[in-house]
Amino acid sequence: MKQLLFPNNTQFWYETLRSMSHIAYGGADFGEVVSTAARITEGDYGSWYTEWFATAGRVSAEAEKALAAGHRVSARDGFLRASNYYRSSEFFLHGKDCDPRHDHAYDRSVECFQAAAALYTTPRIEPVRIPYEDTTLPGYLYRADDSGTPRPTLIMHNGFDGTAEEMHFFGALAGVERGYTVLVFDGPGMPGPRHHQGLVFRPDWENVITPVIDFAETIPEVDNSRIALLGLSMGGLLAPRAAAFEHRLAALIALDGLYDLGETSVRNIPGDRQEAERLLRAQSAPELDAALEQIMTKDPIARWALNHGMYVMGVDSPRAFNASYLDYTLAGGIAEKIQCPTLVCDAEEDEFFKGQPEQLYAHLTCPKTLMLFTAEEGAGAHCHPGATRLANARIYDWLDDTLANTGAR
């Protein structure tokens, strides 16, 4: 897709397109996005934060006025957009030494989303705490109505850099519109648990999903024989990893599919994979450390990814982050353990993980579907921002058909 804004910075354009994609479910307005982008200095992370934070503040203040005057729908819509703008404002602030503006903007995003959720009548959106080890995970339960009727259920989570609140626009509302019960949550390494509990990502994601399913099965509106799982972006590896060992799932959606994050860690290191892994895991590798620091200096996308990666993995160097990625893989027979019908989504022009959906699909031995989204459809970018309605339609149509053929386990 042509970069309509920030023509010389793919990173800023992709994140702007991401916000634009949320227009489809009330998470932004086109004019608000464009006017904010026009004030941002291309490539300047501080400017990005300042302008998105200003827009979020203005929109949330207007929502507060509407609520005080009794205009609940207007207030709901304003809080929903403000939540997304606060999320966008803090996006480039992540690092192992966390910028305090990051914490504040994130908390404001959650506050605004929960204010909006409280103003919905249909669907009902309830904040929940899911028991997990010796703590809880934050999430939201979407109920289609008040009947208490068990319904097919979709559990959803984000990936490397997204929030549970953002999943409202990436499929939660679309699901409840179609009669599903939807349970969205943040797992370890994702914003809520990382900010407030210090929990970092873990590769054995089945130990996250199992307690989430345990929780879901206590909810009257959940049909325990028809629980599906969707993972977005990095979640396109985490969710399949969980499904390989958690066989209560009736269906799996990898949006988009990933097979081996270690491939991204080793691709810029000279030599074969074995030698690259040895250097990444070595107690000392000063030449590689220097090379990674140089990459961060020259490449803003790499600088953000490495800084954010250190933050969410809980490590203190770019090399340690790349080493941690080696453990996030479905190789070695893991993908082959998945039993439930699986949808692997693929983006024609994926700028981050080109070719990985096909790898995952090739290794699956369960009933499987590979779904390609193209640039011509406006859906060619990673996770299909800009074509949200199209993506949700195809994914939910597949899920409808798959669960219709699923009997009680």
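Look up: the structure comes first, before these words.
As the structure is a prediction and not an experimental result, all values here were calculated from the model.

**Q** Can you help me understand unusual backbone geometry in this one?
**A** Outside of glycine, negative phi angles account for most residues, and trans bonds account for most peptide bonds. At the junction of Thr122 and Pro123, the peptide bond is cis and its omega measures out at 0° in the coordinates. By the element assignment, Pro123 lies in the loop between helix H5 (100-117) and strand E1 (124-132). Phi angles above zero are rare outside glycine, and Phe6 is one such case at about 50°. Looking at the secondary structure, you find Phe6 in the segment before helix H1 (10-21). Despite not being glycine, Ser233 has its phi angle at roughly 60°, a positive value. One can find Ser233 in the loop between strand E5 (222-232) and helix H9 (235-245). On the accessibility criterion, Ser233 (14% relative accessible area) is buried.

**Q** Would you mind going over the packing of aromatic side chains with me for this structure?
**A** Working definition: an aromatic ring pair is given by the centre-to-centre distance plus the angle between the planes. Under the counting rule described, the total for this entry stands at 23 aromatic pairs. Pairing Trp52 with Tyr85 gives two aromatic rings, centres 5.4 Å apart and planes at 35°, and the pair type is tilted. With Trp52 in helix H3 (residues 45-68) and Tyr85 in helix H4 (residues 72-89), this residue pair connects regions lying 33 residues apart in the sequence. Side by side, Trp52 and Tyr85 carry an identical accessibility label, which is buried. Ring centres of Tyr180 and Tyr396 lie 5.5 Å apart, and the angle between their planes is 55°; on these two criteria the pair is classed as tilted. Residue Tyr180 is located in the loop between helix H6 (172-177) and strand E4 (181-185), and its partner Tyr396 is located in helix H16 (residues 388-404); the two are separated by 216 residues in the primary sequence. We classify Tyr180 as buried; its relative accessible area is 2%. Just above the ring of Tyr361 sits the side chain of Lys368; from NZ or CZ to the centre is 4.4 Å.

**Q** Is there a simple way to explain the environment of Gly236 in this structure?
**A** Considering the arrangement of structural elements, one finds Gly236 in helix H9. The residues touching Gly236, leaving out its near neighbours within four places in the chain, are Gly231, Ala254, Leu255, Asp256, Gly257, Leu258 and Leu360.

**Q** What am I meant to see in the side chain of Asn158 here?
**A** Within the secondary structure layout, Asn158 lies in the loop between strand E3 (151-157) and H6. Within polar-contact distance, the side chain of Asn158 engages the backbone oxygen of Thr163 at 3.0 Å. Of note is the side chain of Asn158, whose polar atom sits 3.3 Å from the side chain of Glu166. If we skip the residues at most four places from it in the chain, Asn158 touches Thr163, Glu166, Met167, Met190, Leu232 and Gly235.

**Q** Quick question: what am I supposed to make of H3 here?
**A** Count 3.6 residues to each turn of an α-helix, and residues three or four apart come out pointing the same way. A rise of 1.5 Å per residue sets the reference length of H3, with its 24 residues, at 34 Å; its end C-alpha atoms lie 34 Å apart and thus fit the reference within 8%. Listing the buried residues of H3 in full gives Tyr45, Ser47, Trp48, Tyr49, Glu51, Trp52, Thr55, Ala56, Val59, Ser60, Ala63 and Ala66. Where H3 is buried, its residues meet H1, helix H2 (30-39), H4, H5 and helix H13 (300-313). N-cap assignment for H3: the residue whose side-chain oxygen lies 2.9 Å from the backbone N of Gly46 is Asp44. After H3 finishes, the residue Gly70 shows a positive phi value of roughly 90°.

**Q** How do you make sense of the pattern of salt bridges when you look at a structure like this?
**A** A side chain of one charge can pair with a side chain of the opposite charge if their charged atoms are brought near each other. The tally for this structure, following the rule as stated, stands at 26 salt bridges. When the shortest N-O distance is used, the salt bridge between Asp223 and Arg226 registers 2.7 Å. Residue classification places Asp223 among the buried positions, given a relative accessible area of 15%. Connected through salt bridges with shared partners, the residues Glu15, Arg18, Arg87, Asp161 and Glu166 form a single ionic network.

**Q** What is the right way to read the packing of H1 against H2 from this model?
**A** Angle between the axes and distance between the axes are the two parameters that describe a pair of packed helices. Running from N to C, H1 and H2 cross one another at 160°; their axes reach a closest spacing of 9 Å. One finds that H1 runs roughly antiparallel with respect to H2. Note that H1 runs across H2; the crossing there is right-handed. Touching Thr16, Ser19 and Met20 of H1 are Phe30, Val33 and Val34, all from H2. Class assignment of the residues belonging to the contact of H1 with H2 gives a composition of four nonpolar, two polar and no charged.

**Q** Which parts of the structure should I look at to understand the side chain of Arg319?
**A** By the secondary structure assignment, Arg319 is in helix H14 (residues 318-325). Here the side chain of Arg319 touches Leu279 through a polar contact of 3.1 Å, landing on its backbone oxygen. Excluding residues within four positions of it along the chain, Arg319 makes contact with Leu279, Leu280, Arg281, Ala282, Gln283, Ser284, Ala285, Leu288, Asp289 and Leu292.

Cut-offs applied
- Residues numbered from 1 in each chain as written.
- Predicted model: local features only at pLDDT ≥ 70, side-chain atom pairs only at ≥ 80, totals over all residues.
- Heavy atoms only, no water.
- Helix = DSSP H or I, 4+ residues; strand = E, 2+ residues; numbered from the N terminus.
- Buried < 20%, exposed > 50% of the residue type's maximum accessible area, 1.4 Å probe, protein only.
- Phe/Tyr/Trp six-rings, centres within 6.5 Å; stacked < 30°, edge-to-face > 60°.
- Lys NZ or Arg CZ within 6 Å of the ring centre and 35° of its normal.
- Contact = heavy atoms within 4.5 Å.
- Polar contact = N/O pair within 3.5 Å; in protein donor to acceptor, adjacent residues only side chain to side chain.
- Expected span 1.5 Å × (residues − 1).
- Salt bridge = Lys/Arg side-chain N within 4 Å of Asp/Glu carboxyl O.
- Axes fitted to C-alpha atoms, helices over the stretch in contact; angles between N-to-C directions.
- Parallel < 35°, antiparallel > 145°, perpendicular 65-115°, else oblique.
- Left-handed = near helix turned anticlockwise from the far one by under 90°.
- Nonpolar A, V, L, I, M, F, W, Y, C, P; charged D, E, K, R; others polar.

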